[in-house]
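Architecture at a glance
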Amino acid sequence: MSRPTPSQGTGLPPGAVPWLHDTGRFIGRWLYRPAFRIRVRGVDRVPRTGPVVLVANHSSMIEPQLIFGMLPRRSVFLVKEEMFTGAAGWGLRRIGQVPVRRGVPDRAALHTVTEVLRDGGLVGVFPEGTRGAGDVSQAQQGAAWLVRAGGAVVLPVAVRGTRRRQGERRRLRPVIDVVVGEPFSLDVGKGRAGLASATERLRDTLAALVRAVDDERAGRDRED
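Reading the values: rules and limits
- Residues numbered from 1 in each chain as written.
- Predicted model: local features only at pLDDT ≥ 70, side-chain atom pairs only at ≥ 80, totals over all residues.
- Heavy atoms only, no water.
- Buried < 20%, exposed > 50% of the residue type's maximum accessible area, 1.4 Å probe, protein only.
- Helix = DSSP H or I, 4+ residues; strand = E, 2+ residues; numbered from the N terminus.
- Pairing = 2+ DSSP bridges.
- Phe/Tyr/Trp six-rings, centres within 6.5 Å; stacked < 30°, edge-to-face > 60°.
- Lys NZ or Arg CZ within 6 Å of the ring centre and 35° of its normal.
- Axes fitted to C-alpha atoms, helices over the stretch in contact; angles between N-to-C directions.
- Parallel < 35°, antiparallel > 145°, perpendicular 65-115°, else oblique.
- Left-handed = near helix turned anticlockwise from the far one by under 90°.
- Contact = heavy atoms within 4.5 Å.
- Nonpolar A, V, L, I, M, F, W, Y, C, P; charged D, E, K, R; others polar.

With 5 of 5 residues buried, strand β2 (residues 52-56) lies mostly within the body of the structure. Side chains V52, L54 and A56 project from β2 onto one buried face, and the interleaved V53 and V55 project onto a second face that is buried too. Looking at chain direction, β2 and strand β5 (residues 122-125) are connected through 4 bridges and run parallel. Directly across from V52, in β5, lies its bridge partner L122. Where β2 meets strand β6 (residues 153-160), 5 bridges bridge the pair, whose relative direction is parallel. The partner of A56 across the bridge, within β6, is V157.

Spelled out as structure tokens, the structure:
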């Protein structure tokens, strides 16, 4: 039996419902605006067509929904499989998100999103692998593997302000910055050495974007 492939042209995996996906994007775009002041920059840098691996830093549960909502095209994110239970799991599958087992190579998940890329879709990955400081001090190799398998360009996205720093006072409607960097081609060589080298370049590029956003936010705080 052949494996299911994405519906041609939808940019979504099998089982996803396009209109539900688009409804989810609308909700993600507005869900957090009552609680946060959200500044989004660089959306014009998002390639409107063709395979894209989006890589973003991760320090809270908010980043995935923010990025999902603000993108001007459909996106498929790898989401930890623990989220796929009950009604939430049903909803995530219907809007086209893909469960992945953390800490082990998940061939089924990788095959699914590789097919999405080959269909010209956009796949989102948090290369740090788990929530933390969000400074991208380390990165797993899955994103580089997808770039190589799917012939995709890389799109870095930095999100800051979703996590209150230690000792920082609580503010009313704190500012969240979502900044899209320049897409770039990533040459991923053969074997583990090729993956390791490409992953380090990817990590360094995303970390530099995060640092630039941090510096800008720090300068703005000093002015305040």
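This part covers the packing of aromatic side chains. A full pass over the atoms with the stated rule returns 2 aromatic pairs. Positioned above the aromatic ring of W30 is the side chain of R33, whose terminal nitrogen or guanidinium carbon lies 5.1 Å from the ring centre.

With that settled, the discussion passes to the packing of helix α4 (residues 107-118) against helix α5 (residues 142-150). Direction vectors running N to C along α4 and α5 enclose 50 degrees, while the axes themselves pass 9 Å from each other. Relative to α5, α4 is oriented oblique. α5 is crossed by α4, and the crossing has right-handed handedness. Within the contact between the two elements, α4 uses L110, V113, T114, L117 and R118 and α5 uses W145, L146, A149 and G150. Among the residues making up the contact of α4 with α5, the classes are represented as 6 nonpolar, 2 polar and 1 charged.

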